[in-house]
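Understanding the architecture of this molecule
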Amino acid sequence: MLKKIRAIGYGVIVLIIVNGCQTPTQVSEKDLDLEGRAFSKIEYGQPKELKRAIIMDVRSSFDHQMSRPPRSFHAYWKDWQLQGLQGQRLEKKRQELQRLLALHGVEPLTEVVILGKGLAGQGEEFFMASTLYRLGIDRLRFMTEKQAKKAFMARNLPEVANAPLWSRPLRSSMNCGDEPASEVAQAMKSADVVISKKFMEKGGGPETFFTQELKLKKYRYPKSMRLRIYSPNSQWAYGVAMYLKEQGRRPCVL
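The residue numbering used here restarts from 1 in each chain and proceeds along that chain's sequence as written. Confidence filtering applies because this is a predicted model: local features only for residues at pLDDT of at least 70, side-chain atom pairs given and counted only at 80 or more, and all residues used for totals across whole chains, interfaces and linings. The side-chain numbers reported here are obtained from all heavy atoms of the structure, hydrogens and water having been left aside.

A count of helical and extended segments in the chain gives 8 helices and 9 strands. Any residue under 20% of the maximum accessible area for its type is buried, any over 50% is exposed, and the rest in between are partly exposed; the area is computed with a 1.4 Å probe on protein chains only. Across the 254 residues of the chain, 43% fall into the buried class. Throughout, a contact is declared for two residues whenever any of their heavy atoms are within 4.5 Å. Within the chain, contacts between residues at least 6 apart in sequence are counted, and of these 73% link residues at least 24 apart. Approximately 15300 Å² of the chain is accessible, and the part contributed by carbon and sulfur atoms is 52%. Each helix is a run of DSSP H or I of at least 4 residues and each strand a run of E of at least 2, with the numbering of both proceeding from the N terminus. For the area figures, the Shrake-Rupley method with a 1.4 Å probe applies, and any residue is considered shielded solely by the protein chains shown.

To continue, consider the sheet that holds strand S6 (residues 193-195). Overall, parallel pairing links the 4 strands, which are arranged S7-S6-S8-S9 in an open sheet. The two strands at the open ends of the sheet, each matched to only one other strand, are strand S7 (203-204) and strand S9 (252-253). Note: two strands are recorded as paired if DSSP finds a minimum of 2 bridges between them. For S6 and strand S8 (residues 228-230), the ladder comprises 2 bridges, and the chain directions are parallel. From the neighbouring strand, Val194 faces S8, where its bridge partner is Tyr230.

Moving on, we get to the packing of aromatic side chains. Given two aromatic rings, their pairing is described by the distance between the two centres and the angle made by the two planes. Think of it this way: a Phe, Tyr or Trp ring, Trp meaning its six-membered ring, pairs with another when their centres are within 6.5 Å, and the plane angle makes it stacked under 30 degrees, edge-to-face over 60, tilted otherwise. Inspection of the entire model under this criterion finds 11 aromatic pairs. With 5.3 Å between their ring centres and 90° between their planes, Phe127 and Tyr238 make a pair best called edge-to-face. Of this pair, Phe127 sits in helix H4 (residues 124-135) while Tyr238 sits in helix H8 (residues 236-246), and the two are 111 residues apart along the sequence. By way of ring pairs, the aromatic residues Phe126, Phe142, Phe210, Trp236 and Tyr243 are connected into one cluster.

This part takes up unusual backbone geometry. Here the phi dihedral of Arg71 falls at roughly 55°; this positive angle occurs in a residue that is not glycine. Among the secondary structure elements, Arg71 is positioned in the loop between helix H2 (61-67) and strand S3 (72-74). Located in the positive-phi region is Leu214, a residue other than glycine, with phi close to 70°. Mapping Leu214 onto the fold places it in the loop between helix H7 (206-209) and S8. Taking the relative accessible area as the measure of exposure, Leu214 reaches 2% and is therefore buried.

The subject of this paragraph is the side chain of Glu125. With respect to the element layout, Glu125 can be found in helix H4. Charged residues are defined here as Lys and Arg on the positive side and Asp and Glu on the negative side; His and the ends of the chain fall outside this count. Any Lys or Arg side-chain nitrogen found within 4 Å of a carboxyl oxygen on Asp or Glu counts as a salt bridge. The side chain of Glu125 is buried and forms no salt bridge, while Arg59, the nearest opposite charge, is found at 8.5 Å. Polar side-chain contacts of Glu125 include one of 3.2 Å to the backbone nitrogen of Lys117. Ignoring any residue separated from it by four or fewer positions in sequence, one finds Glu125 in contact with Val58, Ile114, Gly116, Lys117, Gly118, Phe142 and Leu214. Throughout this description, a polar contact denotes any pair of N or O atoms lying within 3.5 Å of each other; where both atoms belong to protein, one of them has to be capable of donating a hydrogen while the other can accept it, and for residues adjacent in sequence the pair is counted only when both atoms sit in side chains.

Two elements in contact, H4 and H8, have axes separated by 7 Å at closest approach and are oriented at 55°. The angle between H4 and H8 places the two elements in the oblique class. For the pair H4 and H8, contact is made by Phe126, Phe127, Ala129, Ser130 and Tyr133 and by Trp236, Tyr238, Gly239, Met242, Tyr243 and Lys245, respectively. Under the convention adopted here, Pro, Cys and the residues Ala, Val, Leu, Ile, Met, Phe, Trp and Tyr are nonpolar, Asp, Glu, Lys and Arg are charged, and Gly plus all remaining residues are polar. Residue composition of the contact of H4 with H8, by class: 8 nonpolar, 2 polar and 1 charged. Orientation is described by lines fitted to C-alpha atoms, with helices fitted over the stretch in contact, and by angles between N-to-C directions that extend from 0 to 180 degrees. Any angle that is under 35 degrees is reported as roughly parallel, and any over 145 degrees as roughly antiparallel; angles of 65 to 115 degrees are reported as roughly perpendicular and all others as oblique.

Throughout, a disulfide means two cysteine sulfur atoms within 2.5 Å of one another. Inspection of the entire model under this criterion finds 1 disulfide. A disulfide bridge connects Cys176 with Cys252, and the sulfur atoms are separated by 2.0 Å. Its torsion about the S-S bond being 90°, the disulfide of Cys176 and Cys252 is classed as right-handed. In this pair, Cys176 sits in the loop between helix H5 (149-152) and helix H6 (184-190) while Cys252 sits in strand S9, placing the two residues 76 residues apart along the sequence. For Cys176, a relative accessible area of 27% corresponds to the partly exposed category. What makes Cys252 buried here is its relative accessible area of 14%.

Now for helix H3 (residues 87-103). Along its 17 residues, H3 runs 25 Å from first to last C-alpha, staying within 8% of the 24 Å computed at 1.5 Å per residue. In this structure, the buried side of H3 is in contact with strand S2 (54-57), S3 and H4. With its phi angle positive at about 85°, Gly105 sits one or two positions after the end of H3. Expected helix span is computed as 1.5 Å times (number of residues minus one).

What follows concerns the pattern of salt bridges. Counted under the stated rule, the structure contains 8 salt bridges. Note that Glu111 and Arg141 form a salt bridge whose closest N and O atoms lie 2.4 Å from each other. Of the two residues, Glu111 is situated in the loop between H3 and strand S4 (112-116) and Arg141 in strand S5 (residues 140-144); the sequence distance between them amounts to 30 residues. Here the two residues Glu111 and Arg141 agree in accessibility, since each one is buried. Through salt bridges with shared partners, a single network forms among Asp57, Arg59, Asp63, Lys117 and Glu145.

This is how it looks when you write it as structure tokens:
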């Protein structure tokens, strides 16, 4: 009986040793929502280290010249449009904008603060954020004029130096198609969410969706993963689409 118990014990020990020597199974995990979380780095208000951040001012040229925030440059949102471009024209525009960013000291790891008028504007901050994302910039902040007062009063900040020229392929667009909708009625019909004070039946004005600091308010969106967002004559749709994408949905802007 004792020999039988010993034999069983030796067998168990051998099994333990064999299993311990086996190479563990390798588990590969693919992050399917990596692109969707690109905007999760967006923050609000005064940057932690203004001396290293670059301010992109999307207000009017007049407002920019009057206040002249430190470490800033002016950017008119229409000059940064990629929508409607294809092939060589799109590639040329990508190179032009990435070169322009480098000349203003911006490279992929630079913290960019987008300064705008908040709810008093037309959502230009969000349009610019979506464009910068496509160009390869991830570290983004929004800052309103009220939040920027401390930055305007900052002193002894280092001047912005040109960044080395860099190049990255464009990321996917947030637009539903290459061309904007030809008619408001057509876009209204196909949109799931509309951001406009005039057309309230599918949403509401920007104050319905955003706080004064441009954070997204709670709103009961349709349950579809592929929501189509529309904001006639403004850029607010990019803001809603941006946040929904961060939540794992797949929205697009009409």
